[in-house]
Amino acid sequence: MDTTQLEQIRTGRGFFAALDQSGGSTPKALAEYGVGADRYGSDAEMFDLVHAMRTRLITNPSFDGSRVLAAILFEQTMEREIEGVPTARFLWQRKSIVPILKVDKGLADEADGVRLMKPIDTLDDLLARARAHGVFGTKMRSVINSADPAGIGAIVDQQFEYGDRIRAAGLVPILEPEVTITSPDRERSEALLLDAVAARLDALPADALVMLKISIPTRPGLYGELAADPRMLRVVALSGGYSRDEACERLAKDPTLIASFSRALLEGLTEQQSDEAFTARLEASIEQIYQASTH
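All figures in this text were calculated on a predicted structure; none of them were measured in a lab.

Undergrad: Looking at this structure, I do not really get the nonpolar core. What am I missing?
TA: The tendency in soluble globular proteins is for nonpolar side chains to be buried side by side. By size, the foremost hydrophobic cluster in this structure holds 84 residues, and its most contacted members are Phe63, Leu193, Leu212, Tyr223, Phe261 and Leu265. No other element matches helix H3 (residues 43-58), which puts seven residues into this core. In contact with Leu212, not counting residues within four places along its chain, are Ile174, Leu175, Pro177, Val197, Tyr223, Leu226, Met232, Arg234, Val235 and Val236. Membership of the second largest hydrophobic core comes to 17 residues, among which are Leu6, Ile9, Phe136 and Leu233.

And the structure:
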C-alpha cells in the first residue's frame, strides 16, 4: 500500500470524484453530457465516447489533488490510457489523485427490500490487475429500498465478505450499501444499516482498513462514531439523486462526511461547451463540492 496515498485519503481536505459509470449508466451519463444515442452504434463506440468525456474532465487544470482526493474508475477506464499513460497512473503521477476501482458487476433482483450485488466472479483477476495499475482501493455498490432487517443484514454481510477478500489482496475496499432517498422508511433503514455496519466493523482486526460510502443521512452526524473508528479510513457520501445544490447543502451540515459525487459533479458539463466554458463550469462545481466537504 502506498503510504502517501493512504495519508491523503485519511487526512486530506477534499472529496472523491466518482467516474465509474458502467454499461447500464453510461448512456444516461452521455446524454446528460450532450452525446445522444445516435452518436454510437455499439458498446465499443459508446465506451470510446465516455472515455473521451472522462479524459476531458481528468486533464482539465481544475481537476487535481488539491481538492479531488481520489477518483473512482470503471474497469475499462483503468485499462485505457490518457495522453499515453495508463489512467490510474496518470491520476496519481500527473494529478496527485488517488485511483480507486469499481469492482461490482451490478445488482441482483430485489429480495427482502434490498438488491444485493451480483456475484463478482472475476474478483481475484480484477484485483491483480488493479494492483498492477497502482490502484489504491475498490468500490462496490448494493441498494437498500426498505427497512427489512434480514435484507439489510444480508447486504452488510455481503459487503464485508467481499471486503475481506479485497483487504487480503492489499487494497482498501469502499463498502457502498446505498439507502435510496425515496425509501418510505428511510430513517429506519439508516438506523438498521448503522447497527449492522458497526457490528461488522467491531469484528474486524485492529489493523484492518475499510471505507464506507452512503447516502447523505436524514440526521446529520449519524455515522460519526463509525467515522471516528481507526479502522474506518473515510466515510463518503453519494449525491443519491439530489441536485448538486441540494446535495451540497445537505452535506455541509454533516462534518463527518465528504462527497463522493458522480452525476452531481458532472452536472452542467456538455461536449458542446468551449474549453473556457467547460473549465468555468467544472471549476465552479469542484469548488462547491469542496466547500461542502470541508466547511
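Having seen the structure, we can now continue with the description.
Undergrad: In this structure, what is going on with helix H1 (residues 3-11)? I would like to understand it.
TA: Residues lying three or four places apart along an α-helix face the same way, a consequence of the helix completing one turn every 3.6 residues. When H1 is considered as a whole, its buried residues turn out to be Gln5, Leu6, Gln8 and Ile9. Down the axis of H1, the buried set is contained in an arc of 165 degrees. They therefore lie on one face. Opposite the packed face of H1, turned more than 90 degrees from it, sit the exposed residues Thr3 and Thr4. Close packing links the buried residues of H1 with strand E1 (15-19), strand E2 (68-73), helix H5 (87-95), strand E5 (98-102), strand E9 (210-215) and strand E10 (232-238). Where H1 begins, one side-chain oxygen reaches toward the backbone nitrogen of Thr4, 2.9 Å away; that side chain belongs to Asp2.

Undergrad: Sorry if this is basic, but what is going on with the side chain of Thr180 here?
TA: As for its placement among the helices and strands, Thr180 is situated in the loop between strand E8 (172-179) and helix H8 (186-202). What Thr180 contacts, discounting residues up to four positions off in sequence, is Val143, Ile144, Asn145 and Arg186.

Undergrad: What is the right way to read the pairing of E2 from this model?
TA: The two faces of a sheet get side chains in turn, since along a regular strand they alternate between them. Within E2, six of the six residues are buried, leaving the element largely enclosed by the surrounding structure. With five bridges joining them, E1 and E2 adopt parallel strand pairing. Among the inter-strand pairings, Phe16 is bridged to a residue of E2, identified as Ala70.

Undergrad: I keep staring at the packing of aromatic side chains and nothing clicks. Help me out?
TA: We describe a pair of aromatic rings using the distance from one ring centre to the other and the angle between the two ring planes. Within this structure, the stated rule accounts for one aromatic pair. The ring of Phe278 carries Arg56 above its face, with NZ or CZ at 4.1 Å from the centroid.

Undergrad: Teacher, can you tell me more about the side chain of Glu178 here?
TA: Considering the arrangement of structural elements, one finds Glu178 in strand E8. On the accessibility criterion, Glu178 (9% relative accessible area) is buried. A polar side-chain atom of Glu178 sits 2.8 Å from a polar atom in the side chain of Arg141.

Undergrad: What's the story with H3 in this structure? I'm lost.
TA: With 16 residues, H3 should reach 22 Å at 1.5 Å per residue; the first-to-last C-alpha distance of 22 Å fits that figure. The set of residues buried in H3 consists of Met46, Phe47, Leu49, Val50, His51, Met53, Arg54, Thr55, Arg56, Leu57 and Ile58.

Undergrad: Is there a simple way to explain the pattern of salt bridges in this structure?
TA: Oppositely charged side chains may form a pair once their charged atoms are brought near each other. All told, the structure shown has 23 salt bridges when counted by the stated rule. In this structure, the salt-bridge partner of Arg10 is Glu7, at a minimum N-O distance of 4.0 Å. Residue Arg10 and its partner Glu7 are located together in helix H1, separated by three residues, close to a single helical turn. With relative accessibility at 35%, the residue Arg10 sits in the partly exposed group. Residue Arg250 pairs with Glu246 through a salt bridge whose shortest N-O separation is 3.1 Å. Highlighted residues: Arg250 and Glu246, both in helix H10 (residues 244-251), separated by four residues, approximately one helical turn. The exposure class of Glu246 is partly exposed, given its relative accessible area of 32%.

Undergrad: Whenever I open this one, the packing of helix H7 (residues 149-168) against H8 confuses me. Can you help?
TA: Each pair of packed helices can be summarised by the angle the axes make with each other and by the distance between the axes. One way to put it is that H7 packs onto H8 with a least axis distance of 9 Å and a crossing angle of 35 degrees. Between H7 and H8 the crossing geometry is right-handed. For the pair formed by H7 and H8, the contact residues are Pro149, Ile152, Val156, Asp157, Phe160, Glu161 and Asp164 on the first element and Ser189, Leu192, Leu193, Ala196, Val197, Arg200 and Leu201 on the second. In the contact of H7 with H8, the residues fall into nine nonpolar, one polar and four charged.

Undergrad: Would you mind showing me how to read the packing of H10 against helix H12 (residues 275-294) here?
TA: Close contact between H10 and H12 brings their axes to 8 Å; oriented N to C, the two are set at 25 degrees. Classified by the angle their axes make, H10 and H12 are roughly parallel. The two elements H10 and H12 meet at a crossing, and its hand is left-handed. Listed contacts from H12 to Arg244, Asp245, Cys248 and Leu251 of H10 are Arg281, Ser285, Gln288, Ile289, Ala292 and Ser293.

Reading the values: the criteria
- Residues numbered from 1 in each chain as written.
- Predicted model: local features only at pLDDT ≥ 70, side-chain atom pairs only at ≥ 80, totals over all residues.
- Heavy atoms only, no water.
- Core = buried A, V, L, I, M, F, W, Y, C linked by side-chain atoms within 4.5 Å.
- Buried < 20%, exposed > 50% of the residue type's maximum accessible area, 1.4 Å probe, protein only.
- Helix = DSSP H or I, 4+ residues; strand = E, 2+ residues; numbered from the N terminus.
- Contact = heavy atoms within 4.5 Å.
- Arc of directions from axis to C-beta.
- Polar contact = N/O pair within 3.5 Å; in protein donor to acceptor, adjacent residues only side chain to side chain.
- Pairing = 2+ DSSP bridges.
- Phe/Tyr/Trp six-rings, centres within 6.5 Å; stacked < 30°, edge-to-face > 60°.
- Lys NZ or Arg CZ within 6 Å of the ring centre and 35° of its normal.
- Expected span 1.5 Å × (residues − 1).
- Salt bridge = Lys/Arg side-chain N within 4 Å of Asp/Glu carboxyl O.
- Axes fitted to C-alpha atoms, helices over the stretch in contact; angles between N-to-C directions.
- Left-handed = near helix turned anticlockwise from the far one by under 90°.
- Nonpolar A, V, L, I, M, F, W, Y, C, P; charged D, E, K, R; others polar.
- Parallel < 35°, antiparallel > 145°, perpendicular 65-115°, else oblique.

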